[in-house]
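Residue-level listing of the chains:
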Amino acid sequence: MSEVGMAGASFGSWYMIDEIDLAALLANHAGLARLCAELEAVADRLPSRPTKAEVARLSEELLLRLPASDRRDRTTLNHIFLGTHDSEPGKAALAEIGRQRSVCIGQAQDIASVLDPNDLSKLTVETLGYMLRCFFQSSRQAIVFEELAVLHLAAARLTAEARALLVESVARHCAE
């Protein structure tokens, strides 16, 4: 029996996906959703600019948290999509997830580069609002796409509890 590296019951290279297998991914999604809500609040307060402390904290999250969680999530997703990597839908989903994540990380880097706590006048309020809204909208779409892809492509391997957890998470993120 091969080692799977996931908590689910192993059946050679095929295993059942349990809640624990989704925990890190869904926790990262929840953290990204929280960051999106914070950035949306910043955008809603414009033309009042964020404070220096707020800018420093948000920039750190944008530059450090997103790339770190991206690396962990890609490993998790590769395990979850085990067996579907070679199928056209599996390849397409993983490619789209990678594209969406790259876009979000690029947007995060762009926002962090203009959110200089020592010079908040680098760009217009309208431009900042546009950048923030693009980031949180694309990030939210990426979260929902990933979770729906897991629901669809790994459907036969999801335990009832894992499926319920994903359905609840999708519903919550769609309501944001």
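Before reading further, recall that the structure is shown in the block above.
Procedures and definitions
Residues numbered from 1 in each chain as written. Predicted model: local features only at pLDDT ≥ 70, side-chain atom pairs only at ≥ 80, totals over all residues. Heavy atoms only, no water. Axes fitted to C-alpha atoms, helices over the stretch in contact; angles between N-to-C directions. Helix = DSSP H or I, 4+ residues; strand = E, 2+ residues; numbered from the N terminus. Parallel < 35°, antiparallel > 145°, perpendicular 65-115°, else oblique. Contact = heavy atoms within 4.5 Å. Nonpolar A, V, L, I, M, F, W, Y, C, P; charged D, E, K, R; others polar. Salt bridge = Lys/Arg side-chain N within 4 Å of Asp/Glu carboxyl O. Buried < 20%, exposed > 50% of the residue type's maximum accessible area, 1.4 Å probe, protein only.

Caption draft 1: Representation of the packing of helix H2 (residues 52–80) against helix H3 (residues 88–114). With their axes 8 Å apart at the nearest point, H2 and H3 run at an angle of 170° to one another. Relative to H3, H2 is oriented roughly antiparallel. Contacts from Ser-59, Leu-62, Leu-63, Leu-66, Pro-67, Ser-69, Asp-70, Asp-73, Arg-74, Leu-77 and Asn-78 of H2 reach H3 at Leu-94, Ile-97, Gly-98, Arg-101, Ser-102, Cys-104, Ile-105, Ala-108, Gln-109, Ile-111 and Ala-112. Each residue belonging to the contact of H2 with H3 can be placed in one class, and the counts come to 12 nonpolar, six polar and four charged.

Caption draft 2: Looking closely at the pattern of salt bridges. Inspection of the entire model under this criterion finds 14 salt bridges. The closest approach of N and O atoms between Glu-61 and Arg-65, which form a salt bridge, is 3.7 Å. Placement of both Glu-61 and Arg-65 in helix H2 is noted, with a separation of four residues, approximately one turn of the helix. The exposure classification of Glu-61 matches that of Arg-65, with both residues buried. The network of salt bridges with common partners includes Arg-34, Glu-38, Arg-57, Glu-61 and Arg-65.

Caption draft 3: Main features of unusual backbone geometry. For the bond from Leu-46 to Pro-47, the omega torsion is 20°, close enough to zero to count as cis. Here Pro-47 shows up in the loop between helix H1 (19–45) and H2.

Caption draft 4: Representation of the environment of Ile-17 in the model. Secondary-structure assignment places Ile-17 in the loop between strand E2 (14–15) and H1. Since its relative accessible area comes to 0%, Ile-17 is described here as buried.

Purely geometric stuff here, so don't read any function into it on its own.
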